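# Coordinates in review
Here are the chains, one letter per residue:
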Amino acid sequence: MRLGLPALVAFFVLPAAAQPDPATAKANALLAQLTLEEKIGQISQFFAFPGMPIDDAVKTGRVGSLLFVTDPKEINRLQDLAAQSRLRIPLIFGFDVIHGFRTIFPVPLGMAASWDPALVEGAQAIAAKEARAVGIHWSFAPMVDIARDPRWGRIVEGAGEDPYLGAAIARAQVKGFQGDHIGADHVLACVKHFAGYGAAEGGRDYDASNIADTQLWNVHLPPFRAAVQAGVGSVMSAYMDLNDVPATGNRWLMHDVLRQSWGFKGFVVSDADAVKSLVPHGFARDGADAALRALHAGINMEMTFGPGDYAKTLASSVEAGRVSVGQIDDAVRPILEAKVRLGLFDTAKVDEARAARVLAAPEHRVAARVAAERSAVLLRNEGSLLPLRPTAHTKLAVIGPLADAPYDQLGSWAFLGDGAETVTVLAGIRAKLGAQGAVEFAQGVQIRRTTPSIFDILKRYKDPEPWSEAQAAEELAKAVAAARRADVAVLVLGELQYMSGEQASRSSLDLPGRQQELLEAVVATGTPVVLVLVNGRPLNIAWASRHVPAILEAWFPGTQGGAAVASLLFGEANPGGKLPITWPKHVGQVPIYYSHNLTQKHEDQAKRYWDDPSEPLYAFGHGLSYAKFAVSALALNRSELAQGAMSRGQQIEISVDVENTGTVAGDEVVQLYVHQRAGSASRPIRELKGFERVSLAPREKKTVRFALGADELRYWSGALRRFVLEPETFDVWVGTDSKASLHGSFKLVPD
Ligand code: GLC
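Scope of this entry: the structure provided in the associated data block. Position labels on residues start from 1 in each chain and follow its written sequence. It should be noted that, the model being predicted, local features are given only for residues of pLDDT at least 70 and side-chain atom pairs only at 80 or more, the latter also being counted only at that level, while totals for whole chains, interfaces and linings use all residues. To obtain the side-chain values, all non-hydrogen atoms of the structure were used and water was disregarded.

## A word on the side chain of Gln560
The condition is simple: Counting from the N terminus, the helices are DSSP H or I runs at least four residues long and the strands are E runs at least two residues long. Residues count as neighbours in contact if any of their non-hydrogen atoms are within 4.5 Å of one another.
Inspection of the secondary structure puts Gln560 in the loop between β16 (550–553) and α22 (561–569). The residues touching Gln560, leaving out its near neighbours within four places in the chain, are Arg365, Ala368, Arg369, Glu421 and Val423.

Right, here's the structure in full:
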């Protein structure tokens, strides 16, 4: 029997297209067997701190996910318990693998400062491998909240102020965690906190975010959309009110934007107890109402300390007809699909011996050192004090509370980081100088967080006893004396681990404690000073910027941070990082960011206060090198392009030459900024729309190419209330920071 083409197509193609995804098929088959209580178990996630009674819930299938279990033996034990439940559905274990698991990388704000998405991807791939080795399948990262207020403690966890850089870093993190497909060494990623958490009023953590639609669509949402386009498997809802509607009860966010507009197919987990908090938000009447509102909004899984509103109230809400079993099924399905795709039904347990080997892999530490080197930003280097020369700088004083701080230099969300494996700045410098007596250490001052941190219970070290007044005076004097005896004083100042991160917002940006006093006393000795910052946010270093010749921003540099800082100080590595955040002179300027709108008087940009110029201390994209670079020969492939042609995929191609005119090899980040001169709505003075980090030998020149298309030029118009690509004139600038001045322009013309 001859089958015509249509029949062949019908026979071979349609059935394949009609066959449901195996993960969906398995999920549906399980849903058909699960009881209502077991379904509600799958959408419940409990914190499993030691001693919390969870065994019974696991054995009876009343919980489907646990977080904060990191010991492979305990994870295996709990998976064995899950295997005793009626349908033997494995647990999915989640954890905050934010910037490393056991090998700690620089904090995310530091990683973003590398402007190196490939580096970020590689780091998260290592973090995923270490986490998966112990049996963790799901990382609550990338955190992509755009932040423009350094008072906000969690600015450390994101990629800074810019949506274009933020989107690139988000894509890289998802790729690093999940790979092209989630294999045995990958974990499910979870983009968070959806959405607008970084705009908390006053930088006060958890405070309300009031964000205009234009800012939502053009600034805060793009990194989330990028993560969804990169295939992120899960999303975490935010704590705070977004324009008076709590994110975790916000159906516009979780359904209209995330699923309807962006086609997200994974699942949404609430932030910790964020469903319960719908009641104190003044949004839900009680726990049952909170559960219904969150489920209706599109929160698949409730993260909670112990049985939450989903576990306690949904069954009775189904019986009362306030929610259907179908709605519960829709919440459960993507969670079961994720468990299938992670391979948990094949192998849920891990090999503990292998886990130990993976966590101790030396190549992970090498990667962490390279990441710390590439994340550092050289803010100032007057008189080329840096790089230090062991021949001229034979006696160093290493001073400050962050110089020998093996846990604090790891930054927040580094619970498994082992202080014994940390290379501190002091250790890194001592390893470089070698000769005994070449390096003298003095802590100088003691800094302490004056209020408790929610993470104090998880700290693996005891806070030192507070110094007496007499001891403090003595220690300060010792530091000054050490500086006097030295050729160079390396001052390592900044923040302790939990002075930054969650519930670590500040009303000031000043150096905590008496560090400024220490800084000025050491500078007063006349010994040349290098300031190294270990911190998670821009700090008030305005005085230092005028009195200290060399300033290196190392961020919280992680496990290998000290080795990286030493390599950078002695020139074995050349700083190439750039600021992912505008650096204010002081807190009075906040919020401050480069892509602001023009005021009515362009020339007054720097004079927006009568009492102080409104220029920041350091610009977004700023960063120096030991090399020198020149950017030239900006060229566009055309000066005009029809709007329709661009909508159909044609682009403006831009090229520029960058040359290393210095005497040492180094990296430069070539940055492209764009401004639409007029339109249905005002547009920012300039916006980042391309960047490339290039490595060049002395005298080497390279042509860097960018392309501007509809994706780069389209924006959400506050006038038309939709995305538009408008036939206007556009300026382009290319340079090495957001003050880029090499200029060109082009026109988009009506069809
Ligand atoms: C925290 C954080 C969130 C984290 C979660 C689990 O409150 O807001 O970022 O992933 O709880 O630790």
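Having seen the structure, we can now continue with the description.
## Considering the site of the ligand
Convention followed: Each residue is tested against the molecule or strand, and it is near if at least one of its non-hydrogen atoms lies within 4 Å. Counting of polar contacts relies on pairs of N or O atoms within 3.5 Å, with two restrictions inside protein: one atom must be capable of donating a hydrogen and the other of accepting it, and residues adjacent in sequence are counted only when both atoms are side-chain atoms. Each accessible area is a Shrake-Rupley result for a 1.4 Å probe, and residues are judged covered by the shown protein chains and nothing else. Basically, the charged four are Asp, Glu, Lys and Arg, the nonpolar ten are Ala, Val, Leu, Ile, Met, Phe, Trp, Tyr, Cys and Pro, and anything else, Gly included, counts as polar.
Asp96, Arg154, His193, Tyr239 and Asp271 are the nearest of the 14 residues found near the ligand. One of the side-chain N or O atoms of Asp271 is found 2.6 Å from an oxygen atom in the ligand. Within the side chain of Glu502, one N or O atom sits 3.0 Å away from an oxygen atom of the ligand. Contact with the protein chains covers 96% of the free accessible surface of the ligand, which is 310 Å². Here the residues of the shell around the ligand sort into eight nonpolar, one polar and five charged.

## Quick word on the sheet that holds strand β19 (residues 652–660)
Selection rule: The criterion for strand pairing is that DSSP finds at least two bridges linking the strands in question. Lines fitted to C-alpha atoms define the axes, with helix axes restricted to the stretch in contact, and inter-axis angles between N-to-C directions lie between 0 and 180 degrees.
Reading across from one edge, β17-β19-β22 is the order of the three strands in this open sheet, with antiparallel pairing throughout. Unpaired on one side and paired on the other, β17 (629–636) and β22 (701–708) mark the two borders of the sheet. Going from strand to strand, the sheet's axes swing by 20° on average, the running direction of each strand aside. Bridging between β17 and β19 involves six bridges; their strand directions are antiparallel. Within β19, the residue paired with Val631 across the bridge is Val658.

## Some words on the nonpolar core
Put simply, the rule reads: Only buried residues count toward a nonpolar core, which is a set of Ala, Val, Leu, Ile, Met, Phe, Trp, Tyr and Cys residues joined through side-chain atoms within 4.5 Å. Burial classes: relative accessible area under 20% of the type maximum marks a residue as buried, over 50% as exposed, and values in between as partly exposed (1.4 Å probe, protein chains only).
Grouped together as the largest cluster of nonpolar side chains are 187 residues, with contacts concentrated most on Leu66, Phe194, Leu314, Ile399, Ile429 and Leu569. Residues in contact with Leu569, not counting those within four places in the same chain, are Leu386, Pro387, Leu388, Ile429, Val490, Val530, Val532, Leu552 and Tyr626. Counting 26 residues, the second largest nonpolar core, distinct from the first, contains Ile652, Val658, Leu725 and Leu748.

## Comments concerning the layout of surface pockets
Stated formally: Of the two site types, the cavity is a set of points on a 1 Å grid over the protein atoms alone where a 1.4 Å probe fits but cannot get out, and the pocket is an open set with protein on both sides within 12 Å along at least five of seven lines, each lined by residues with an atom within 4 Å of a point. Grid points are joined across faces, edges and corners, and a volume is the space filled by probe spheres set on the points.
One number sums up the size of the largest pocket: a volume of about 980 Å³. Lining the largest pocket are 40 residues, and of these Asn218, Pro222, Lys689, Asp711 and Arg714 lie nearest its centre. For the lining of the largest pocket, the elements supplying multiple residues, two or more each, are α9 (163–178), α10 (213–220), α11 (222–229), β21 (687–696), α24 (710–713) and β23 (715–717).

## Considerations on the packing of aromatic side chains
Quick note on the threshold: Any Phe, Tyr or Trp ring, taking Trp's six-membered ring, that has another such ring centre within 6.5 Å forms a pair; planes under 30 degrees apart are called stacked, those over 60 apart edge-to-face, and the others tilted.
Applying the stated criterion across every chain, the model contains 31 aromatic pairs. On the basis of an interplanar angle of 80° and a centroid distance of 6.0 Å, the ring pair of Phe95 and Phe101 is categorised as edge-to-face. Considered together, Phe95 and Phe101 belong to a single accessibility category, that of buried residues. Grouping aromatic residues by their ring pairs yields a cluster made of Phe47, Phe49, Phe68, Phe95, Phe101, Phe305, Trp413, Phe415, Phe455 and Tyr498.

## Let's talk about the pairing of strand β6 (residues 234–237)
Here β6 shows no split at all, with Ser234 and Met236 on one side and Val235 and Ser237 on the other all buried. Pairing geometry for strand β5 (residues 190–194) and β6, over three bridges, is parallel. Its bridge partner being in β6, Cys190 is matched across the sheet by Ser234.

## Brief notes about unusual backbone geometry
In this model, Phe194 is joined to Ala195 through a cis peptide bond whose omega is -10°. Cis geometry marks the peptide bond from Val590 to Pro591, where omega comes out at 0°. Turning to its location among the elements, Pro591 is positioned in the loop between α22 and β17. Unusually for a residue other than glycine, Gln503 sits at a positive phi of about 50°. For Gln503, the location among the structural elements is in the loop between β14 (488–494) and α20 (515–523). The class for Gln503 is partly exposed, based on a relative accessible area of 34%.

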